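Structure assessment
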Amino acid sequence: MKAALFLLTFYLISVFPASASENSHTGETSTAYIADLYSDLESFDVTIYSDQPENNLNLEVLLVRPVGTNEEMLDRQVFSVDSIPANKQVIKVGFWNVGSSERGAYKIKAQLLEGNKVLSESEYNFAYGTNSASRLQVNDLVANSQGISVALSPKEASLFDIEYMLVNGSDVVYTTKAEKLSLTSAPDIFFRSLGYTS
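Below you will find a few notes about this structure. Bear in mind that the values here come from a model prediction, so they are computed numbers and not experimental data.

Thresholds applied
Residues numbered from 1 in each chain as written. Predicted model: local features only at pLDDT ≥ 70, side-chain atom pairs only at ≥ 80, totals over all residues. Heavy atoms only, no water. Salt bridge = Lys/Arg side-chain N within 4 Å of Asp/Glu carboxyl O. Helix = DSSP H or I, 4+ residues; strand = E, 2+ residues; numbered from the N terminus. Buried < 20%, exposed > 50% of the residue type's maximum accessible area, 1.4 Å probe, protein only. Contact = heavy atoms within 4.5 Å. Pairing = 2+ DSSP bridges. Axes fitted to C-alpha atoms, helices over the stretch in contact; angles between N-to-C directions.

1. A closer look at the pattern of salt bridges
Within the structure shown, the criterion is met by 8 salt bridges. Ionic pairing is found between Glu102 and Arg65, a salt bridge with its closest N-O pair at 3.5 Å. Note that Glu102 is positioned in the loop between β7 (88-95) and β8 (104-114) and Arg65 in strand β5 (residues 54-67), a separation of 37 residues in sequence. Its relative accessible area of 45% is what places Glu102 among the partly exposed residues. Where salt bridges share partners, they join Glu71, Lys107, Lys109 and Glu123 into one cluster.

2. Topic: the environment of Lys88
Relative to the assigned elements, Lys88 resides in strand β7. Take Lys88: its relative accessible area is 48%, and that puts it in the partly exposed class. The spacing of Lys88 and Asp51 is 37 residues in sequence and 7.4 Å in space, taken between C-alpha atoms. Contact partners of Lys88, with chain neighbours within four places excluded, come to Ile48, Tyr49 and Ser50.

3. Re the pairing of strand β12 (residues 158-168)
Sheet faces and side chains relate simply in a regular strand, where the side chains alternate between the two faces. Counting buried residues along β12, 9 of its 11 residues qualify, which places the element largely inside the surrounding structure. Between β12 and the antiparallel strand that follows it, strand β13 (residues 171-183), lie 2 residues; Gly169 among them carries a positive phi value of about 70°.

4. Focus on the sheet that holds strand β11 (residues 147-154)
The sheet built from 3 strands is open, its strands ordered β10-β11-β14 with antiparallel pairing. Strands at the two margins of the open sheet, each flanked by one partner only, are β10 (136-144) and β14 (188-192). Between one strand axis and the next, the sheet turns through 20° on average, direction left out of account.

The values reported here are purely geometric and, on their own, carry no functional implication.
Rendered as structure tokens:
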């Protein structure tokens, strides 16, 4: 049995924009590009898309922190992207190794490379340790062959989406999303059948 990991991403509908990353495409002939990017101080995910098949690309991801007018690199990870099927998304996931965390602003920078040539790059800014409290608390998480159950408690009434990812190494092998869920005052359990077969 292969080891796999479940990641949950919560989107508070009233708070977050659809995408907060800044993207640029520099490849002249390639159609592969970074479509979306997300990070916190524990993990990150990068979504790559192409409308034609692509092979043998690399993805470089940096975690940086502003220091005065410069940036301090905290971690760097490089992934092989062996193939991207036409009109399909490929999602890569990684975990940061930053040791102790300091409050403040951070940035993730990602580049999609073909050899030394930059095909696409993207940045995502986020803050750690701010005074804004999460509206939801994850009480428990149980995953098995039937699906995944998440027990949540509201700190205030919330409308949110949950994205579930089944991860093998750095590859997302299955993803599903539950949209427009709500919690008002009482804790609740949300179950999602994964419909995934290995």
